[in-house]
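Fold and contact review
One letter stands for each residue in the lines below.
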Amino acid sequence: MNHVGTQELATKRLTLRKLKLEDFHDIFNNWAGDKEVAKYTTWYAHQSEEVTQEYVKMVVRPYNELN
């Protein structure tokens, strides 16, 4: 099995794609900074957009290593 990285998957109502660095603001505002969301996960709610930005950088970095 060859790993080909994250592939985009799109339907009429939803598109799943790789994260982009500029997504951090939406990620923080929509779920990562929400204590109600985090209480059902293994991570704590992010306290600032900077924390989310560092998280997204960590996730995006390996994308470049696969290409």
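A short tour of the structure in this document, coming up. (Residues numbered from 1 in each chain as written. Predicted model: local features only at pLDDT ≥ 70, side-chain atom pairs only at ≥ 80, totals over all residues. Heavy atoms only, no water.)

Notes on the overall build of the protein chain
When helices and strands are counted, the protein chain shows three helices and two strands. Starting at the N terminus, the α and β elements of the protein chain follow one another as β-β-α-α-α. Rg of the C-alpha trace for the protein chain: 14 Å, well past the compact-globule value of 11 Å for 67 residues, more than 25% over. Along the three orthogonal principal directions, the C-alpha set of the protein chain runs to about 35 × 30 × 25 Å. For the protein chain, the residues scored as buried account for 19% of the 67 residues in total. A fraction of 40% describes how many contacts in the protein chain between residues 6 or more apart in sequence connect residues 24 or more apart. Here the protein chain has roughly 5800 Å² of accessible surface; of this, 53% comes from carbon and sulfur atoms. Placing the 9 positive and 10 negative side-chain charges of the protein chain at their respective mean positions leaves the two points 6 Å apart. (Helix = DSSP H or I, 4+ residues; strand = E, 2+ residues; numbered from the N terminus. Rg over C-alpha atoms; globule rule 2.2 N^0.38 Å. Buried < 20%, exposed > 50% of the residue type's maximum accessible area, 1.4 Å probe, protein only. Contact = heavy atoms within 4.5 Å. Areas by Shrake-Rupley, 256 points an atom, 1.4 Å probe, with all protein chains shown as cover. Lys, Arg positive; Asp, Glu negative; His and termini not counted. Charge placed at Lys NZ, Arg CZ, Asp CG, Glu CD.)

What to know about the packing of aromatic side chains
Considering all chains together, one arrives at one aromatic pair under this definition. Here K18 stacks its cationic end above the ring of Y63, 5.0 Å away from the centre of that ring. (Phe/Tyr/Trp six-rings, centres within 6.5 Å; stacked < 30°, edge-to-face > 60°. Lys NZ or Arg CZ within 6 Å of the ring centre and 35° of its normal.)

Description of the environment of V51
Tracing the backbone through its elements, the reader meets V51 in helix α3 (residues 49-66). Taking the C-alpha atoms as reference points, V51 and A32, 19 residues apart in sequence, are found 9.4 Å from one another.

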